[in-house]
Amino acid sequence: VQLQASGGGLVQAGGSLRLSCVASGRTFSSYAMGWFRQAPGKEREFVAGIRSITYYADSVKGRFTISRDNAKNTVYLQMNSLKPEDTAVYYCAATKYVGSWDERLYDYWGQGTLVTVSS
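Residue positions within a chain follow its written sequence, with the count starting from 1. Only residues with pLDDT of at least 70 get local features here, since the model is predicted, and only at 80 or more are side-chain atom pairs given and counted; chain-wide, interface and lining totals rely on the full set of residues. Just so you know, side-chain values use all the structure's heavy atoms and leave hydrogens and water out.

A. The arrangement of the overall build of the chain in detail. What counts as a helix is a DSSP run of H or I of at least four residues, what counts as a strand is a run of E of at least two, and both are numbered from the N terminus. Broken down by element type, the chain carries zero helices and 11 strands. Secondary structure of the chain in N-to-C order comes out as β-β-β-β-β-β-β-β-β-β-β. If you line up the chain on its principal axes, its C-alpha atoms span 40 × 25 × 25 Å. Note on exposure labels: buried denotes an accessible area under 20% of the residue type's maximum, exposed denotes more than 50%, and partly exposed covers the range between, all computed with a 1.4 Å probe on protein chains only. Counting across all 119 residues of the chain, residues that qualify as buried make up 44%. The contacts of the chain with a sequence gap of at least 6 include a subset with a gap of at least 24, amounting to 58%. As displayed, the chain offers around 6200 Å² of accessible surface, 48% of which is attributable to carbon and sulfur atoms. When checking whether two residues touch, look at their non-hydrogen atoms; a contact exists if any pair is within 4.5 Å. In short, Shrake-Rupley with a 1.4 Å probe defines the accessible areas, and a residue's cover is counted only from the protein chains shown.

Structure (structure tokens):
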């Protein structure tokens, strides 16, 4: 599986962005998909995941929404009410393990897309 993330950019605090991640291959629907992020000087952290259910980090609950379109082999991350602390490189990833927030269980990773939120 190859993953290509896009949609990052510069946005003011309180604004919105939608990230997309397109996957290659015919087995996309069999994978749980996740979004992670890594802020400058910090470790990479889980943001949201989806297969038949969705799950979120506490820091983004109520602001971010993950969704997927299996017909388009695409997973999305709608980010609303953005805060400066959301600034990070965002990565999409794929795993066979539903409900996992452990990056060690994700087998495939996209290249990352930078989100910058200005105050």
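B. Just the pairing of strand β4 (residues 32-38), in detail. Counting buried residues in β4 gives six out of seven residues, a clear majority hidden from the surface. Whether two strands pair comes down to DSSP finding at least two bridges between them. Direction of pairing for β4 relative to strand β5 (residues 45-50): antiparallel, over a ladder of five bridges. When the sheet's bridge partners are listed, Phe36 is paired in β5 with Phe46. A loop of six residues connects β4 with β5, the two strands running antiparallel in sequence, and Gly41 in this loop sits at a positive phi of about 75°.

C. Broad picture of the nonpolar core. Put simply, buried Ala, Val, Leu, Ile, Met, Phe, Trp, Tyr and Cys residues joined by side-chain atoms within 4.5 Å make one nonpolar core. The biggest cluster of nonpolar side chains holds 35 residues, and the ones touching the most others in it are Trp35, Leu77, Met79 and Tyr90. The set of elements that each furnish at least two residues to this core consists of β1 (3-6), β3 (17-23), β4, β5, β7 (64-69), β8 (74-79), β9 (88-95) and β11 (113-118). If sequence neighbours within four positions are ignored, Tyr90 has contacts with Leu19, Trp35, Phe36, Arg37, Val47, Phe64, Leu77, Met79, Gly112, Thr113 and Val115.

D. Seen up close, the sheet that holds β8. Pairing within the open sheet is antiparallel, and its four strands lie in the order β1-β3-β8-β7. What marks the edges here is a single partner per strand, and that holds for β1 and β7. Within the sheet, the average angular offset between the axes of one strand and its neighbour, ignoring direction, is 15°. By the bridge criterion, six bridges tie β3 to β8 in an arrangement that is antiparallel. Pairing of Ser20 across the sheet is with Tyr76, part of β8. Under this scheme, a helix contributes an axis fitted over its contacting stretch, all axes are lines through C-alpha atoms, and angles between N-to-C directions fall in the 0 to 180 degree range.

E. Seen up close, the side chain of Arg63. Along the polypeptide, Arg63 turns up in the loop between β6 (54-56) and β7. Here Ser59 takes part through its backbone oxygen, which lies 2.9 Å from a polar atom of the side chain of Arg63. The residues contacting Arg63, other than those within four sequence positions of it, are Gln78, Met79, Asn80, Ser81, Leu82, Lys83 and Asp86. Under the rule applied, a polar contact is a pair of N or O atoms within 3.5 Å (in protein, one hydrogen donor and one hydrogen acceptor; residues adjacent in sequence only if both atoms are side-chain atoms).

F. Summary view of the packing of aromatic side chains. Stacked, edge-to-face and tilted are the three classes for Phe, Tyr and Trp ring pairs, Trp counted by its six-membered ring, which pair at centre distances within 6.5 Å; planes under 30 degrees apart are stacked, over 60 edge-to-face, the rest tilted. Within this structure, the stated rule accounts for seven aromatic pairs. For the ring pair Phe46 and Tyr55, a centre distance of 5.9 Å and an interplane angle of 10° mean the geometry is stacked. Between the aromatic rings of Tyr106 and Trp109, the centroid separation amounts to 6.1 Å while the plane-to-plane angle is 55°, which identifies the pairing as tilted. Grouped by ring-pair contacts, the aromatic residues Phe36, Phe46, Tyr55, Tyr91, Tyr106 and Trp109 constitute a single cluster. Only when the NZ of Lys or the CZ of Arg is both within 6 Å of the ring centre and within 35 degrees of the ring normal is a charge said to sit over the ring. It is Arg44 that lies over the ring of Tyr91; its NZ or CZ is 5.1 Å from the centre. One residue, Lys96, lies across the ring of Tyr31, its end atom 4.3 Å from the ring centre.

No statement about biological role is implied by the geometric values presented.
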